[in-house]
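What the coordinates show
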Amino acid sequence: MSHQEPSAPGPTVPGRGSARRAALVLVLAIALICGAVAAGIMWRTGARADRDIAAHRHQVRATTTARSEDPPTAVRPGAEPQSVAPAVWEYPDHVRRSGPVHVPPRTPQGRAVTIWVDDSGAPARPPDTTADLALSAIAGGTAVAGAAGATAAGALALVRRSTEGRRLAVWEREWEQVEPVWSGRLRRGSGPGADDV
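Residues numbered from 1 in each chain as written. Predicted model: local features only at pLDDT ≥ 70, side-chain atom pairs only at ≥ 80, totals over all residues. Heavy atoms only, no water.

Regarding the nonpolar core
So the rule is basically this: What makes a nonpolar core is a set of buried Ala, Val, Leu, Ile, Met, Phe, Trp, Tyr and Cys residues whose side-chain atoms join them at distances within 4.5 Å. Throughout this description, buried means an accessible area under 20% of the type-specific maximum (1.4 Å probe, protein chains only), exposed means over 50%, and partly exposed covers the range between. Labels follow the DSSP assignment, with helices taken as runs of H or I lasting at least four residues and strands as runs of E lasting at least two, numbered in each case from the N terminus. We call two residues contacting when some pair of their heavy atoms lies within 4.5 Å.
V60, A62, A85, A87, W89, Y91, V101, V103, V113, I115 and V117 form the largest nonpolar core, which has 11 residues in total. Residue assignment for this core shows that the elements contributing at least two residues are β1 (58–64), β2 (83–90), β3 (96–103) and β4 (112–117). Excluding residues that lie within four positions of it along the chain, A85 makes contacts with T64, A66, R67, S68, G99, P100, V101 and V103.

Structure representation (structure tokens):
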């Protein structure tokens with residue numbers, strides 16, 4: 001009984017698996033680059049807009065003139081419930097203003113609270129925080145990365161389908177030439193009995 005040594009593997013020929021991996025790497029690279037560029041643009045744009053808004057926002061002290069109303073039961077997830085109370089404040093200097101402002105729940109009458117106002121003294125939303133800007137940039141970059149990845153994957157699939165179709169057409173033409181010789185069958189229209197298949 002003879003014992004055969006296992007043969008050493010021959011050279012690996014790149015096949016469909018490596019082509020698919022290369023295509024996947026290309027799609028991922030396109031998605032990551034597009035997402036990173038979009039996130040950077042959104043960060044810079046948001047920061048610039050926030051600086052412009054912050055230049056026209058001012059913190060002032062207001063005093064509530066009545067007890068706050070309870071916040072609505074439906075609150076956005078992750079957000080603190082905000083109550084509303086009537087208050088008075090001054091902005092600009094010596095210009096008395098009044099109106100409803102956002103306050104913590106169960107704020108009593110006569111409590112001093114800090115509010116944000118615009119240049120005219122009207123209540124306004126505060127400038128975005130760095131965390132808000134980062135979250136917006138990441139969310140936007142992720143959305144762009146997903147869209148770019150899907151677009152790149154679709155384009156590669158179309159190219160692959162077109163290439164595969166051409167390759168199969170060439171293979172069919174070559175097979176028409178080789179198959180009669182390989183099978184020993186005559187091609188239609190050649191040799192004796194040309195009408196035979």
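So much for the structure itself; the text now carries on.
Overview of the environment of I53
Along the chain, I53 falls in helix α1 (residues 16–54). Separated by 73 residues in the primary sequence, I53 and P126 place their C-alpha atoms 8.6 Å from one another.

With respect to unusual backbone geometry
Cis geometry marks the peptide bond from Y91 to P92; its omega dihedral reads -15 degrees. Not every positive phi belongs to a glycine, and H94 is a case in point at roughly 65 degrees. Mapped onto the elements of the fold, H94 is located in the loop between β2 and β3. Even without glycine at this site, R106 takes up a positive phi of about 60 degrees. Take R106: it is sitting in the loop between β3 and β4.

Focus: a nonpolar patch on the surface
Applied cut-off: Only residues whose relative accessible area exceeds 30% and that form no salt bridge enter a patch; like-charged residues are grouped when within 9 Å of one another, and nonpolar side chains (Val, Leu, Ile, Met, Phe, Trp, Tyr) when within 5 Å. Where accessible areas are quoted, they stem from the Shrake-Rupley method and a 1.4 Å probe; at the residue level, only the protein chains shown are allowed to cover. Every case where a carboxyl oxygen of Asp or Glu lies within 4 Å of a side-chain nitrogen of Lys or Arg is listed as a salt bridge.
On the surface, a nonpolar cluster with roughly 480 Å² of combined accessible area is contributed by W171, W175, V178 and W182. Here V178 is to be found in helix α2 (residues 130–183). Residue V178 is classed as partly exposed on the basis of its relative accessible area of 45%.

Quick word on the environment of A112
In this structure, A112 sits in strand β4. Once the C-alpha coordinates of A112 and T63 are considered, the two residues, 49 residues apart in sequence, prove to be 4.4 Å apart. The contact partners of A112, leaving out residues within four places of it in the chain, are R61, A62 and T63.

Notes on the pairing of β1
Note the cut-off: Should DSSP find at least two bridges between two strands, the strands are regarded as paired.
By the alternation rule, side chains of β1 split into H58, V60, A62 and T64, which are all buried, and Q59, R61 and T63, of which none is buried. Pairing geometry for β1 and β4, over 6 bridges, is antiparallel. Residue R61 lies in a different strand from β4, and its bridge partner there is T114. For β1 and β2, the ladder comprises 2 bridges, and the chain directions are antiparallel. By the bridge assignment, T64 is partnered in β2 with A87.

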